[in-house]
Amino acid sequence: MPPALLADLIAAGATIRPITTGADLPPCTSYRPSAALDRFIRTRDLTCRAPGCDRPAITADIDHTDPWPTGATHPANNKCYCRLHHLIKTFHPGFTDTQHPDGTLTVTTPTGHTYTTKPFTALLFPHWNTTTEPPPRKPTPPSPPAPGRTLMMPTRRQTRAQAKAAHITRERRLNALQRELERSQAQPRPPMCKEAQREARQQAADNVTQSLSRPPGYQPDYGDDPPPF
């Protein structure tokens, strides 16, 4: 959003929610970050912190750099990873990362290459100090990875092609149901009493419910809808 447009929205009375600074964040003793800590981390990172990834932080996972419970839920121990890089970091052997109090992340790949990424706000808002105190260390030593950890990597229930085809079919089905509703509402109806109107509305609702619960083999009128993407 351009700064001028943002200034106009604020001047017009847009809702403003200040982001708590790292020094003012209350300590978090649970695995899940508090709402204030969640907003701070996502606003600080803005994108996935894996090198070269620009997926937005709003849809990313918040990952513990040092695994919980040894690693605290703390702004200097949490950062944003998209689901793909979160799974790689968790299950791929040889992928490690180290986080610094200002949010800088050093990533080491299984090939031995090292990359350093800074929060995107360091580029957009260089005057915002995101440095916090180092996270508290817990006396519990980190547990070694379980044998066969890579076998725990989640797998797809269906291929990408199957997921795409199912999405297209679902969207076309919804479009067909919408056309059926519009067609039924467009038909002229004689004047009815209130009781008859209630029965007609109930009948229309029953028809929609029945359409949604039709067996997989049912083929409604899809028309000539193109794929949704």
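Residues numbered from 1 in each chain as written. Predicted model: local features only at pLDDT ≥ 70, side-chain atom pairs only at ≥ 80, totals over all residues. Heavy atoms only, no water.

Draft legend 1. Main features of the confidence of the model for the protein chain. Residues with a pLDDT of 70 or more make up 77% of the protein chain, whose mean pLDDT is 80. The least confident element of the protein chain, judged by mean pLDDT, is helix 6 (residues 194-212) at 68; the most confident is strand 2 (residues 78-81) at 94. (pLDDT = per-residue confidence, 0-100. Helix = DSSP H or I, 4+ residues; strand = E, 2+ residues; numbered from the N terminus.)

Draft legend 2. Looking closely at the packing of aromatic side chains. Considering all chains together, one arrives at two aromatic pairs under this definition. Residues Phe-40 and Trp-128 carry aromatic rings whose centres are separated by 5.7 Å and whose planes lie at 75 degrees to one another, so their mutual orientation is edge-to-face. Of this pair, Phe-40 sits in helix 2 (residues 35-45) while Trp-128 sits in the loop between helix 4 (121-124) and helix 5 (160-186); the two residues are 88 residues apart in sequence, bridging distant segments of the chain. By relative accessible area, Phe-40 is classed as buried at 0%. (Phe/Tyr/Trp six-rings, centres within 6.5 Å; stacked < 30°, edge-to-face > 60°. Buried < 20%, exposed > 50% of the residue type's maximum accessible area, 1.4 Å probe, protein only.)

Draft legend 3. Local environment of helix 3 (residues 83-91). Of the positions making up helix 3, those classed as buried are His-85, His-86, Lys-89 and Phe-91. Those residues of helix 3 hidden inside the fold are in contact with strand 1 (61-64), strand 2 and strand 3 (96-99). (Contact = heavy atoms within 4.5 Å.)

Draft legend 4. Layout of a nonpolar patch on the surface. On the surface, Phe-120, Leu-123, Leu-124 and Phe-125 cluster together to form a nonpolar patch covering roughly 410 Å² of accessible area. Secondary-structure assignment places Phe-125 in the loop between helix 4 and helix 5. Relative accessible area serves as the criterion here: at 48%, Phe-125 is assigned to the partly exposed category. (Patch = residues over 30% accessible without salt bridge, like charges linked within 9 Å, V, L, I, M, F, W, Y side chains within 5 Å. Areas by Shrake-Rupley, 256 points an atom, 1.4 Å probe, with all protein chains shown as cover. Salt bridge = Lys/Arg side-chain N within 4 Å of Asp/Glu carboxyl O.)

Draft legend 5. Region of interest: the side chain of Arg-49. Positionally, Arg-49 belongs in the loop between helix 2 and strand 1. One polar contact links the side chain of Arg-49 to the main-chain carbonyl oxygen of Gly-103, over a distance of 2.8 Å. Ignoring sequence-local partners within four residues, the contact set of Arg-49 consists of Arg-44, Lys-79, Cys-80, Tyr-81, Gly-103, Thr-104, Leu-105, Thr-117, Lys-118 and Pro-119. (Polar contact = N/O pair within 3.5 Å; in protein donor to acceptor, adjacent residues only side chain to side chain.)

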